[in-house]
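Given next are the chains, with one letter for each unit.
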Amino acid sequence: MSSSSWAAAQERILARQAARRQEALAVPQLTPVPNPTTTLARLRHSLHPNVSSLWSTLLESEGTRPAFRVGQVDAELLDEELLGLLKSQVGDALKYLGPHLQDDWSQEILLGLRAILFKLSIWDHDASYGAALQNLRYTDARKSSQALPTPTKPQKILYGLLTVFGRYGWDKWEDWLIDQERGYTAPSETIQHLMRLTSFLSTTHSIAAFCSFLVFLVNGRYRTLTDRLLRLRLVSPSNQVSREVSFEYLNRQLVWHAFTEFLLFLLPLVGISRWRRWLTRAWKRTTDAMKSETLDVDPDAVKSGPLSFLPERTCAICYQDQNPTTTSEAEVLGANAGAGGGVIGSATTDIVNPYETIPCHCIYCFVCLATKIEAEEGNGWSCLRCGEIVYKCQPWNGDILVEKKSSTKSGKTVGFSVLSDGLETKETTLSSSQWTMAEDDQSVDSDG
């Protein structure tokens, strides 16, 4: 490039710069938009140093390491769900030792379960079972390093005392205050003062926990108030955290739910109750045949049902509904041994509106008998007294008294006519024997 061309290029550049200056002077000055980060920084530095450090603790981020709030909250929910499942299983196991144990020792059961879970999870592996499922573990937030320092033993001990024994002690304290309030007499002034103090502390703790959770939603550091006090954080052990949700469990639940709905729709159409009755009857016939072959029972012997020992005034169906576990005469006699022995009837098992079965003529309540026969859908119901298969029933006429008609015997009517002096005419009907005796009396009178 020649010197003249270079000079011309420089002139053009200077001309363009001058034109841009003129355009900038012609456009009005715009108000600069403040940067939010710069504003917050200026506001933080203008505050007191202690308030400034608190501001930094609440709002400043943790760099590039993510803190998933959903995973931390789900970990707590999973821990509570696991505790509830274990409590229900322990209650089912203790109900055979007495139904009062689960209610009387519920707090102690929770204490033992929390202590066991704390020892096997947080004390040994620095993470609860819910946190382990979410790929999280506790770290000491007082040390800032990339190695994720594990919690110290004093931190774990304090965490166990607060979450296990502290919760147990607080629940027992509240139960004791409630028992004092429910007494027959009014609680004393000391008890009332303790109750007000307990209510104030509970309200204060709830408010503090709520505020701590709001701060957790902002920065995602400390999930609970206990974690904030002990400086324990739930973080992922690796930087590469996958936020993909596994739907394997949900798909399995949907499949089983659809399968159960299909069965509920199909079983009424198949008639499972009819097949069950048929199998039950076939099994009973088979067992009866085996017993008859083993014991050489006479086939012409009188048949008897499972409740043939009941008195006639007792409805066997009503008795079976009220005593489903009592199926033999020995059990009934043992249950009524304190009442003097024998089977004692009651107003709840007496027959009302008696109907008899066909063909065995056993007596039951009409409603009970009709319900049983209708439920068998024409297959016949096995009588509880004699074991016969019953298809029909009819009203029982055993309580109807029919007057016997007197036998009419041949006799003669004798009429006596009297004078017409106002006396009435009388007629007497005599039997043949009486008539013979009357004739003999007349012959004697005539001879005399």
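The sections below set out a description of the structure shown in this document.

The rules behind each value
Residues numbered from 1 in each chain as written. Predicted model: local features only at pLDDT ≥ 70, side-chain atom pairs only at ≥ 80, totals over all residues. Heavy atoms only, no water. Helix = DSSP H or I, 4+ residues; strand = E, 2+ residues; numbered from the N terminus. Buried < 20%, exposed > 50% of the residue type's maximum accessible area, 1.4 Å probe, protein only. Contact = heavy atoms within 4.5 Å. Areas by Shrake-Rupley, 256 points an atom, 1.4 Å probe, with all protein chains shown as cover. Core = buried A, V, L, I, M, F, W, Y, C linked by side-chain atoms within 4.5 Å. Expected span 1.5 Å × (residues − 1). Salt bridge = Lys/Arg side-chain N within 4 Å of Asp/Glu carboxyl O. Axes fitted to C-alpha atoms, helices over the stretch in contact; angles between N-to-C directions. Parallel < 35°, antiparallel > 145°, perpendicular 65-115°, else oblique. Left-handed = near helix turned anticlockwise from the far one by under 90°. Nonpolar A, V, L, I, M, F, W, Y, C, P; charged D, E, K, R; others polar. Pairing = 2+ DSSP bridges.

Moving on, we get to the overall build of the protein chain. Counting its regular elements, the protein chain contains 16 helices and nine strands. Expressed as a percentage of its 448 residues, the buried residues of the protein chain come to 23%. Residue pairs at least 24 apart in sequence account for 58% of intrachain contacts in the protein chain once pairs closer than 6 positions are excluded. Surface exposure of the protein chain reaches about 33,200 Å², of which carbon and sulfur atoms provide 60%.

Another point: the nonpolar core. Generally speaking, soluble globular proteins have nonpolar side chains that are buried together. Leu 307, Cys 315, Ile 317, Tyr 364, Trp 381, Cys 383 and Leu 384 are the most contacted members of the largest nonpolar core, which has 23 residues in total. At the level of secondary structure, the elements contributing two or more residues to this core comprise α13 (316-322), β4 (363-365) and α15 (366-375).

The next point concerns helix α8 (residues 153-181). With 29 residues, α8 extends 41 Å between its outermost C-alpha atoms, agreeing within 8% with the 42 Å of an ideal straight helix rising 1.5 Å per residue. Within α8 the residues assigned to the buried category are Gln 155, Lys 156, Tyr 159, Gly 160, Thr 163, Val 164, Asp 171 and Leu 177. On its buried side, α8 packs onto α6 (106-125), β1 (137-140), α9 (189-219), α10 (225-230) and β2 (232-235).

With that settled, the discussion passes to the environment of Trp 278. Counting through the fold element by element, Trp 278 comes out in helix α12 (residues 272-295). The class for Trp 278 is exposed, based on a relative accessible area of 51%. For the pair formed by Trp 278 and Glu 376, sequence separation is 98 residues and the distance between their alpha carbons is 9.9 Å.

For the structure on display, the rule yields seven salt bridges. Of the charged contacts in the structure, one is a salt bridge between Arg 142 and Asp 140, with a shortest N-O distance of 3.1 Å. Judged by relative accessible area, which is 1%, Asp 140 ranks as buried.

In a regular helix each residue adds 1.5 Å, so 31 residues correspond to 45 Å; α9 covers 45 Å between its end C-alpha atoms and thus fits that length. Regarding α9, the residues found buried are Ile 191, Thr 198, Ser 212, Val 215, Phe 216 and Asn 219.

A separate point is the packing of α8 against α9. Here α8 crosses α9 at 140 degrees, and the two axes come no closer than 11 Å. Regarding the angle of α8 to α9, the classification is oblique. Here the hand of the crossing between α8 and α9 comes out left-handed. In contact with Trp 170, Trp 173, Glu 174, Trp 176, Leu 177, Gln 180 and Glu 181 of α8, α9 contributes Ile 191, Leu 194, Met 195, Thr 198, Leu 201 and Ser 202.

Two elements in contact, helix α4 (residues 69-94) and α9, have axes whose closest approach is 9 Å; the angle formed by their N-to-C orientations is 140 degrees. In terms of axis orientation, α4 runs oblique to α9. Here α4 contributes Arg 69, Gln 72 and Val 73 to the contact with α9, which in turn contributes Phe 213, Phe 216, Leu 217, Val 218 and Asn 219. In terms of residue class, the contact of α4 with α9 is made up of five nonpolar, two polar and one charged.

What follows is about the sheet that holds strand β3 (residues 354-358). Two orientations exist for strands paired in a sheet by backbone hydrogen bonds: parallel and antiparallel. In space, the three strands of this open sheet follow the order β4-β3-β7, with antiparallel pairing throughout. Unpaired on one side and paired on the other, β4 and β7 (392-395) mark the two borders of the sheet. On average, each strand axis in the sheet is tilted by 45 degrees relative to the strand beside it, whichever way the strands run. As defined by bridge partners, β3 adjoins β4 across three bridges and the pair is classed as antiparallel. Within β4, the position partnered with Glu 356 by the bridge is Ile 363.

Note that every value here comes from positions in space, so none of it alone points to a role or purpose.
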